[in-house]
Amino acid sequence: MRSVVFSRHGPATEVLSPTERPRPRPGAGEVLVRLRARPVNPSDELFVQGRYGRPAVLPAVPGFEGVGTVEETTDGGPAPGSRVAVSAQGTWQEFVAVPVADVVPVPDGLSDAVACQLTVNPLTALLLVRQLALRPGDWLLLTAARSSLSRMVLHLARRDGVRCACVVRSGGAALPGAAAVVDTSTDDLVGRVREVTGGEGVHAVLDAVGGEVGSAAVRCLRDGGRAVVIGLFDGGPVAVAPQSLVFADISVRGFWLPLQLARESEEVRAELVGQAVDLLGTPGFAAPVAATYDLSDAATALDHVRRPGRRGKVILTG
């Protein structure tokens, strides 16, 4: 079967290579899925670079989610021919053997390009909104606001009456539902956020960038505010003034989906998946598709993800 493999960590264009590998065989309690589409997520590049929270056993295959059809089954699970989304390591290949618990039946109304995004970003967005528990009228600041995840959070926040200050690094298309858009190429982030919030600052921050932008986002918090670091597009440290922690009572923590899901009960995880399926069928929730690439062009697909001004999700097919 066709696979995308890296045998050392480094830039994707240097270390990724299309390779033929043996087709896996499903073990007890597993299904074999023939994959058709996979999203390219920030975590995939971190995994290739050796910066992800889950270490790679080299040689390794990137990818943590996708959609396809069941080819073989062992003890129960969806029947062959069933269309499913999968949560598994190594989805940048034609087949994966996955535990039955890690596959989700996909409704006919969801396209492959949408269904392949089921098991990461929607669950992250739902858990973040649930944990923040913001009230109608509260302010939430989102960095990397045009990312697929931020757009999903924005959709949920708008539904709940939460006002969002959306931080982008260049002008362009508007963000429907945003109460304010801050362009870091022209605006002073802290000053602009203080202005739109009447000098009070925001109740919460979701930062996917880190570095200078993430540090400035934390300074936008009002007393008692909370910041959650959800990504590291910049990779630099998020600086927090000790007096803000002590006297302003702000808090800063991280969020990693595998760790958060492991803390939830099986019932809660099933509930989240059900909500994610429903939301992906809602217009405007799933990210539009910016481009599709064949598995053999995985390095080019990652380059496209880094392209300034990209709008939408990059999908690997085949």
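Our subject is the structure that appears above.
All figures in this text were calculated on a predicted structure; none of them were measured in a lab.

Basis of the calculations
Residues numbered from 1 in each chain as written. Predicted model: local features only at pLDDT ≥ 70, side-chain atom pairs only at ≥ 80, totals over all residues. Heavy atoms only, no water. Helix = DSSP H or I, 4+ residues; strand = E, 2+ residues; numbered from the N terminus. Rg over C-alpha atoms; globule rule 2.2 N^0.38 Å. Buried < 20%, exposed > 50% of the residue type's maximum accessible area, 1.4 Å probe, protein only. Areas by Shrake-Rupley, 256 points an atom, 1.4 Å probe, with all protein chains shown as cover. Core = buried A, V, L, I, M, F, W, Y, C linked by side-chain atoms within 4.5 Å. Contact = heavy atoms within 4.5 Å. Polar contact = N/O pair within 3.5 Å; in protein donor to acceptor, adjacent residues only side chain to side chain. Salt bridge = Lys/Arg side-chain N within 4 Å of Asp/Glu carboxyl O.

Enquirer: Tell me about the overall build of the protein, residues and numbers included.
Expert: For the protein, the count of helices and strands is 11 helices and 15 strands. Its C-alpha atoms give the protein a radius of gyration of 20 Å, within 12% of the compact-globule value 20 Å for 318 residues. The C-alpha extent of the protein, read off along each of the three principal axes, is 60 × 40 × 35 Å. Scored against the burial criterion, the 318 residues of the protein give a buried share of 50%. Surface exposure of the protein reaches about 13900 Å², of which carbon and sulfur atoms provide 53%.

Enquirer: Which residues make up the nonpolar core, and what values do they have?
Expert: Leu140, Leu142, Val153, Leu206, Ile230 and Leu280 are the most contacted members of the largest nonpolar core, which totals 50 residues. For this core, the secondary-structure elements that each account for two or more residues are helix H3 (112-115), helix H4 (121-132), strand E8 (139-142), helix H5 (148-159), strand E9 (163-168), strand E11 (202-207), helix H9 (257-262) and helix H10 (266-280). Residues within four places of leucine 142 in sequence aside, it is in contact with Ser150, Val153, Leu154, Cys164, Ala165, Cys166, Val167 and Leu206. The next biggest cluster of nonpolar side chains, apart from the first, holds 25 residues, and it includes Val40, Ala56, Tyr293 and Ala298.

Enquirer: Summarise the side chain of serine 150; cite the residues concerned and give the values.
Expert: Here serine 150 is to be found in helix H5. In this structure the side chain of serine 150 is engaged in a polar contact, spanning 3.2 Å, whose partner is the backbone oxygen of threonine 143. Once residues within four sequence positions are removed from consideration, serine 150 is found in contact with Leu142, Thr143, Ala144 and Ala145.

Enquirer: Describe the pattern of salt bridges, with residues and values.
Expert: A side chain with one charge can pair with a side chain of the opposite charge if their charged atoms come near. Evaluated as defined, the whole model comprises 11 salt bridges. Through salt bridges that share partners, Arg36, Arg83 and Asp112 make up one connected network.

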